[in-house]
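Survey of secondary and tertiary structure
One letter stands for each residue in the lines below.
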Amino acid sequence: GAGVSQSPSNKVTEKGKDVELRCDPISGHTALYWYRQSLGQGLEFLIYFQGNSAPDKSGLPSDRFSAERTGGSVSTLTIQRTQQEDSAVYLCASSLLGAGTEAFFGQGTRLTVV
Amino acid sequence: GIQVEQSPPDLILQEGANSTLRCNFSDSVNNLQWFHQNPWGQLINLFYIPSGTKQNGRLSATTVATERYSLLYISSSQTTDSGVYFCAVGSRAGNNRKLIWGLGTSLAVNP
């Protein structure tokens, strides 16, 4: 597609439920990032995929968080047993070849855990 | 790891004024980007500028990689320029593969 697409735009869920967030990167981009941003804060790195390499999961805050990238394209971020502190905007970005190339962001998914 | 510092943290301008935002980084970089996050949260790419100077309309940016800083210039500011400006870098050091972000400069342009 023309840009990075994320869905849903907004998600309200009850504490304890699982949620899945989707990211469609720019076609042909080999690198994909997930970040989250709490209100008024900077971006917090979560996970990075690059081609067929093992993902860099060093930013995932707990084992309730996981992500996969199928076929080198679409990625899904899953949060199990959501907690109120998981409320944030989850941002996905892609770049052509990784950290040395320009990254483009989707519009984000605003997650609210009630 | 690499550190990224942005200044000033907050800035208030009258419409029409010029400003300079600064990004300092602590190590060699192979990527530096400036983003504008608008009030709706969308991150908009302004410049991909690991070195050199670029201009786009009222905005321009300069990165002096040898001295480890980048500057973003906003001329004739408009209310639509309000938002947070982020600098993000990719480091050459080790196997670092993720962008490192500054804390941003929050800009308010008043009419």
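Computed from a prediction, not measured in an experiment: that's the story for all the values here.

The next thing to look at is the pattern of salt bridges. Under the defined criterion, the tally for this structure stands at 4 salt bridges over all chains. Taking the shortest distance from any N to any O, the salt bridge between A:Arg36 and A:Glu44 comes out at 2.8 Å. Of the charged contacts, one joins B:Arg58 and B:Asp81 as a salt bridge, the two residues approaching to 2.8 Å between their closest N and O atoms. Note that B:Arg58 is positioned in the loop between β6 (52-56) and β7 (59-64) and B:Asp81 in the loop between β8 (69-74) and β9 (83-91), a separation of 23 residues in sequence.

Residue and element names in this part refer to chain B. Formed by 23 residues in total, the largest nonpolar core has its most connected members in Trp 34, Leu 72 and Val 89. Elements that contribute at least two residues to this core include exactly β2 (10-14), β3 (19-25), β4 (29-37), β5 (43-48), β7, β8, β9 and β11 (105-110). Residues in contact with Val 89, not counting those within four places in the same chain, are Ile 2, Val 4, Phe 25, Val 29, Asn 31, Leu 32, Lys 98, Leu 99 and Ile 100.

Residues and elements named next belong to chain B. Spatial ordering of the open sheet is given by β1-β3-β8-β7-β6, a layout of 5 strands whose pairing is antiparallel. The outermost strands of the open sheet, each flanked by one partner alone, are β1 (4-7) and β6. On average, each strand axis in the sheet is inclined to that of its neighbour by 15°, with strand direction left out of account.

Enumeration over the complete set of coordinates arrives at 2 disulfides over all chains. The disulfide partner of A:Cys23 is A:Cys92, and the gap between their sulfur atoms is 1.8 Å. Looking along the S-S bond of the A:Cys23-A:Cys92 disulfide, the torsion reads about -65°, which is the left-handed sense. Here A:Cys23 is found in strand β3 (residues 19-24), whereas its partner A:Cys92 is found in strand β8 (residues 88-95), with 69 residues between them in sequence. Grouping residues by exposure puts A:Cys23 and A:Cys92 together as buried. At a sulfur-sulfur separation of 2.0 Å, the disulfide partner of B:Cys23 is B:Cys87. The sign of the S-S torsion, about -60°, decides the handedness of the disulfide formed by B:Cys23 and B:Cys87: left-handed. Residue B:Cys23 is found in strand β3, and its partner B:Cys87 is found in strand β9; the two are separated by 64 residues along the sequence. Residue B:Cys87 is classed as buried on the basis of its relative accessible area of 0%.

Analysis parameters
Residues numbered from 1 in each chain as written. Chains lettered and ligands numbered in written order. Predicted model: local features only at pLDDT ≥ 70, side-chain atom pairs only at ≥ 80, totals over all residues. Heavy atoms only, no water. Salt bridge = Lys/Arg side-chain N within 4 Å of Asp/Glu carboxyl O. Helix = DSSP H or I, 4+ residues; strand = E, 2+ residues; numbered from the N terminus. Core = buried A, V, L, I, M, F, W, Y, C linked by side-chain atoms within 4.5 Å. Buried < 20%, exposed > 50% of the residue type's maximum accessible area, 1.4 Å probe, protein only. Contact = heavy atoms within 4.5 Å. Pairing = 2+ DSSP bridges. Axes fitted to C-alpha atoms, helices over the stretch in contact; angles between N-to-C directions. Disulfide = S-S within 2.5 Å.

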